[in-house]
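Tertiary structure, described
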Amino acid sequence: LGGLVRRPGTAEDREAHVKRNFDEVLMECKDEAGVQKFVAVPAIVGFSEVLHRLKAKFGRSVTFAYEGGDGAQHTVRNAKDLRRCWDLVESIHLRSGASSASASLEVLVI
């Protein structure tokens, strides 16, 4: 077919399989009411799985926002946003010199 090579899986699956310097992210989640819960998310899962884990923890469909390196709040709405979020987590994790396989992230559940 004209030399076109397709990779298996969805775009989200490919986004999720970026090799990171951490194996999981411990998300410290707070919602608008101040309810705080912790969710451990493997670094290799895709956007839909992250949302599924948050929904299971909060009992409703949610997404999340985090504070970027620029001090602004960024809402994660898709796989591309999640990749940017994980990029920031990785940058912070590397700068901290942490040798742990877990990284952490504070988020606002919305």
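Check the entry above for the structure.
Below, the structure is looked at part by part. (Residues numbered from 1 in each chain as written. Predicted model: local features only at pLDDT ≥ 70, side-chain atom pairs only at ≥ 80, totals over all residues. Heavy atoms only, no water.)

A few words now on the pairing of strand S1 (residues 24-30). Residues Val 25, Met 27 and Cys 29 line the buried face of S1, whereas the alternating positions Glu 24, Leu 26, Glu 28 and Lys 30 sit on a face that is not buried. As judged from the seven bridges shared by S1 and strand S2 (residues 36-42), these two strands associate in the antiparallel manner. When the sheet's bridge partners are listed, Glu 28 is paired in S2 with Phe 38. Counting the residues in the hairpin turn of S1 and S2 gives five residues, including Gly 34, whose phi is positive at 90°. Summarising the sheet, S1 and strand S5 (residues 102-109) pair through seven bridges and their orientation is parallel. Across the sheet, residue Glu 24 finds its bridge partner in S5, namely Ser 102. (Buried < 20%, exposed > 50% of the residue type's maximum accessible area, 1.4 Å probe, protein only. Helix = DSSP H or I, 4+ residues; strand = E, 2+ residues; numbered from the N terminus. Pairing = 2+ DSSP bridges.)

It is worth spelling out helix H3 (residues 79-96) at this point. Its 18 residues give H3 an end-to-end C-alpha distance of 26 Å, which sits within 8% of 26 Å, the value for a rise of 1.5 Å per residue. Of all the residues in H3, the buried ones are Ala 79, Asp 81, Leu 82, Cys 85, Trp 86, Leu 88, Val 89, Glu 90 and His 93. Structurally, the start of H3 carries an N-cap: the backbone nitrogen of Lys 80 is 3.1 Å from a side-chain oxygen of Asn 78. (Expected span 1.5 Å × (residues − 1). Polar contact = N/O pair within 3.5 Å; in protein donor to acceptor, adjacent residues only side chain to side chain.)

In this approach, a probe sized like a water molecule rolls over the atoms, and the result shows the empty space that is left. Taken as a whole, the largest pocket spans an internal volume of roughly 220 Å³. Along its surface, the largest pocket is lined by Leu 26, Glu 28, Glu 67, Gly 68, Gly 69, Leu 88, Val 89, Ile 92, Arg 95, Ser 104, Leu 105 and Glu 106. Of all the secondary structure elements, the ones that give two or more residues to the lining of the largest pocket are S1, H3 and S5. By residue number, the principal contributor to the lining of the largest pocket is H3, which donates four residues. Class assignment for the residues of the lining of the largest pocket results in five nonpolar, three polar and four charged. (1 Å grid on protein atoms, 1.4 Å probe; cavity = no way out; pocket = protein on both sides within 12 Å on 5 of 7 lines; lining within 4 Å. Points joined across faces, edges and corners; volume = space filled by probe spheres on them. Nonpolar A, V, L, I, M, F, W, Y, C, P; charged D, E, K, R; others polar.)

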